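Summary of the model geometry
Residues per chain, in single letters:
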Amino acid sequence: MTDKKKGQAMANVSVIGAGSWGTALALLLCKNGHDVTVWSYKEEEVRTLSEKREHVSKLPGVKIPNEIFFTADLKEAVEGKDVVVLAVPSIHVRNTAKKMNAYVKGGQILVDVAKGIEEDTLMTLSQQIEEEIPQADVAVLSGPSHAEEVGRGLPTTVCIGAHTETTAKYLQQLFMNEVFRVYISPDILGIELGGSLKNVIALAAGVADGMGYGDNTKAALITRGIAEISRLGVKMGGAAETFGGLAGIGDLIVTCASVHSRNRKAGYLMGQGRTMQEAMDEVKMVVEGVYSAKAAAKLGKKYQVSLPIIEEVNKVLFEDKSPKEAVNELMLRVGKAEHMALPWEE
Ligand SMILES: NC(=O)c1ccc[n+]([C@@H]2O[C@H](COP(=O)([O-])OP(=O)(O)OC[C@H]3O[C@@H](n4cnc5c(N)ncnc54)[C@H](O)[C@@H]3O)[C@@H](O)[C@H]2O)c1
Ligand SMILES: O=P(O)(O)OC[C@H](O)CO
């Protein structure tokens, strides 16, 4: 922390990853008066962003202020920063963290904003970062927040999870402003599970849209989707309240409904007949649900939790099952009670 402006603590912050989310958060942090560096693994991305001062393909029309500094040097981006935000796609988080380790001092705050679960280990992203950089103080930021809207300064709310209240409150004031409201929570695991699992359900919502199904279908997928996410999340140790909050139902709603959602769009294209690979190529940005789907199904088996929508998404993605057949399968399962805990009054 170096200076004070409008009563807010100023910080040296880096964002690791120059995709749409990393760029939108860099803009937000710069607007809050912080000193912001953005790292990309690609020299070419650094050069283009530094010169054009606009992310033409991902956040068109949003000007990047000259104060934001771009670099491909990880040491320069990490060493001595008050806070480092990790915004690379989930499959690159472990490797990027491994490379960062040498430059992270004990207690340095790292905030993961990516959403995913590692397929082989079934670890969340903060767990992977903690394994690679045990000396760091790792937090997470998640919730209904599309980069396209945050980049334009549209009102948005998110939740930050941290190990201590001190870190949570510090990060809350770092990110928060009049269009970006931040809630805090100790439930890091619940926040990460909500953020990762909703992407798998959003693929199903997109498929339904692509097949021409209606609002009833969407509402069913959102409602039964959060039932699956909460059942698994609570069994794994997440708090039920988290799944009813911004990082749970909030993020599920926006991802299933928004025109900006990469997961919904990929699902839509599959519902229109494209293969998974064709859909991912057409979206051009990371479709995290595809990477988390197998892990989600494996977690269901490990924790003996029934996840029918997630299982059908896996069959459509990886076993060539037709979306129509998957919907039939879901609709024609044996009839069930909605609340298993409620007894009948005979
Ligand atoms: N875009 C959003 O609205 C949004 C919002 C919330 C969370 N997220 C999450 O943030 C993460 C990033 O999403 P995004 O939309 O910015 O993705 P994106 O596809 O826009 O970003 C890709 C960026 O990641 C970096 N990258 C690519 N390959 C890499 C590698 N091998 N090593 C290191 N860095 C590499 C590059 O800077 C690239 O520009 C995802 O987990 C996503 O779920 C995205
Ligand atoms: O565009 P999506 O589907 O990757 O979703 C982005 C964010 O997770 C929305 O909060």
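This is a predicted model, so every value here is computed, not measured.

Within the chain, the regular secondary structure consists of 16 helices and 12 strands. Scaling as 2.2 N^0.38, a compact globule of 346 residues should have a C-alpha radius of gyration of about 20 Å, and the chain matches this with 20 Å. Each principal axis of the C-alpha distribution contributes one length, and for the chain these read about 65 × 40 × 35 Å. With 346 residues in all, the chain has 50% of them scored as buried. Sequence-distant contacts, at least 24 apart, represent 70% of the contacts inside the chain between residues at least 6 apart.

All right, on to the site of ligand 1 then. Around ligand 1 there are 26 residues in total, and Gly-19, Trp-21, Ala-114, Ala-147 and Met-285 lie nearest to it. Looking at the shell around ligand 1 element by element, the count peaks at 3 residues for helix H1 (residues 20-31). Along the lines of polarity and charge, the residues of the shell around ligand 1 split into 11 nonpolar, 11 polar and 4 charged.

Lining the immediate surroundings of ligand 2 are 14 residues, of which Ser-145, Thr-255, Ser-261, Arg-262 and Asn-263 lie closest. When residues in the shell around ligand 2 are grouped by element, the largest group, 3 residues, is from helix H11 (residues 246-257). Here the shell around ligand 2 is composed, by residue class, of 3 nonpolar, 7 polar and 4 charged. Counting only domains with at least three residues in the shell around ligand 2, you end up with domain 1 (4-186) and domain 2 (190-331).

Moving on: the sheet that holds strand E10 (residues 137-142). Read across the open sheet, the 8 strands follow the order E7-E4-E3-E8-E9-E10-E11-E12; overall the sheet is mixed. Each end of this open sheet is capped by a strand with a single partner; those strands are strand E7 (69-71) and strand E12 (180-185). Adjacent strand axes in the sheet meet at a mean angle of 25 degrees, parallel and antiparallel pairs treated alike. Sheet topology note: the strand E9 (residues 109-112)/E10 ladder contains 4 bridges and is parallel. Considered in E10, the bridge of Leu-110 is made with Val-138.

Glancing now at the UniProt feature "domain: Glycerol-3-phosphate dehydrogenase NAD-dependent N-terminal" (unreviewed entry) in the chain. As recorded in UniProt, the sites labelled "domain: Glycerol-3-phosphate dehydrogenase NAD-dependent N-terminal" (unreviewed entry) are residues 13-167. Across residues 13-167, the secondary structure splits into 32% helix and 25% strand, with the terminal C-alpha atoms separated by 15 Å.

Our next topic: the pairing of E12. Here strand E11 (residues 156-161) pairs with E12 via 6 bridges, running parallel. Across the sheet, residue Thr-156 finds its bridge partner in E12, namely Phe-180. A crossover connection joins E11 to the parallel E12 through helix H7 (residues 165-175); in handedness this β-α-β unit is right-handed.

With that out of the way, let us pick up the nonpolar core. With 63 residues, the main nonpolar core has Leu-25, Val-85, Leu-86, Ala-87, Val-111 and Ile-160 as its most contacted residues. Broken down by element, this core gets its largest block of residues, 8 residues, from H1. If we skip the residues at most four places from it in the chain, Val-111 touches Val-83, Val-85, Leu-86, Ala-139, Val-140, Leu-141 and Leu-171. In terms of nonpolar packing, the next biggest core, distinct from the first, is built from 41 residues, Leu-193, Ala-208, Ala-293 and Ala-295 among them.

This part covers the confidence of the model for the chain. Low pLDDT marks stretches whose predicted atomic positions should not be read closely. This prediction gives the chain a mean pLDDT of 96; 97% of its residues lie at or above 70. Contacts from residues 1-6, a stretch scored under 50 in pLDDT, to residues over four places away or in other chains number 11 contacts.

Looking now at the UniProt feature "active site" (unreviewed entry) in the chain. Here the UniProt-annotated "active site" (unreviewed entry) positions come out as Lys-198. Of note, Lys-198 is situated in helix H8 (residues 188-210). Take Lys-198: there are 34 C-beta atoms within 10 Å of it, and that puts it in the buried class. Setting aside its immediate chain neighbours within four residues, Lys-198 contacts Ile-229, Asp-251, Leu-252 and Thr-255.

Right, let's talk about helix H15 (residues 308-318) for a bit. Every buried residue of H15 is listed here: Ile-309, Ile-310, Glu-312, Val-313, Asn-314, Val-316 and Leu-317. Taken from the residues just after H15, Asp-320 is the one with a positive phi, measuring 60 degrees.

This part takes up unusual backbone geometry. Located in the positive-phi region is Leu-122, a residue other than glycine, with phi close to 60 degrees. Tracing the backbone through its elements, the reader meets Leu-122 in the loop between E9 and helix H5 (125-132). The class for Leu-122 is partly exposed, based on 16 C-beta atoms found within 10 Å. Even without glycine at this site, Lys-284 takes up a positive phi of about 70 degrees. Judged by the 11 C-beta atoms lying within 10 Å of it, Lys-284 falls in the exposed class.

For the chain, the domain assignment lists domain 1 (4-186) and domain 2 (190-331). Computed over C-alpha atoms only, the centres of domain 1 and domain 2 are separated by 25 Å. Every contact between the two is made by 28 residues of domain 1 and, on the other side, 27 residues of domain 2. Residue assignment for the side of domain 1 that touches domain 2 shows that the elements contributing at least two residues are H5, E10, helix H6 (147-150), E11 and E12. Ranked by the residues each element gives to the side of domain 1 that touches domain 2, the list is headed by E11, at 4 residues. Grouping the constituent residues of the side of domain 1 that touches domain 2 by class yields 10 nonpolar, 12 polar and 6 charged.

Criteria and thresholds
Residues numbered from 1 in each chain as written. Chains lettered and ligands numbered in written order. Predicted model: local features only at pLDDT ≥ 70, side-chain atom pairs only at ≥ 80, totals over all residues. Helix = DSSP H or I, 4+ residues; strand = E, 2+ residues; numbered from the N terminus. Rg over C-alpha atoms; globule rule 2.2 N^0.38 Å. Buried ≥ 20, exposed ≤ 12 C-beta atoms within 10 Å, placed from the backbone. Contact = placed C-beta atoms within 7 Å. Near = placed C-beta within 6 Å. Nonpolar A, V, L, I, M, F, W, Y, C, P; charged D, E, K, R; others polar. Domains from an automatic or database assignment. Pairing = 2+ DSSP bridges. Axes fitted to C-alpha atoms, helices over the stretch in contact; angles between N-to-C directions. UniProt positions renumbered as here; feature names shortened; annotations may be inferred. Right-handed = clockwise from strand over helix to strand, strands pointing away. Core = buried A, V, L, I, M, F, W, Y, C linked by C-beta atoms within 7 Å. pLDDT = per-residue confidence, 0-100.

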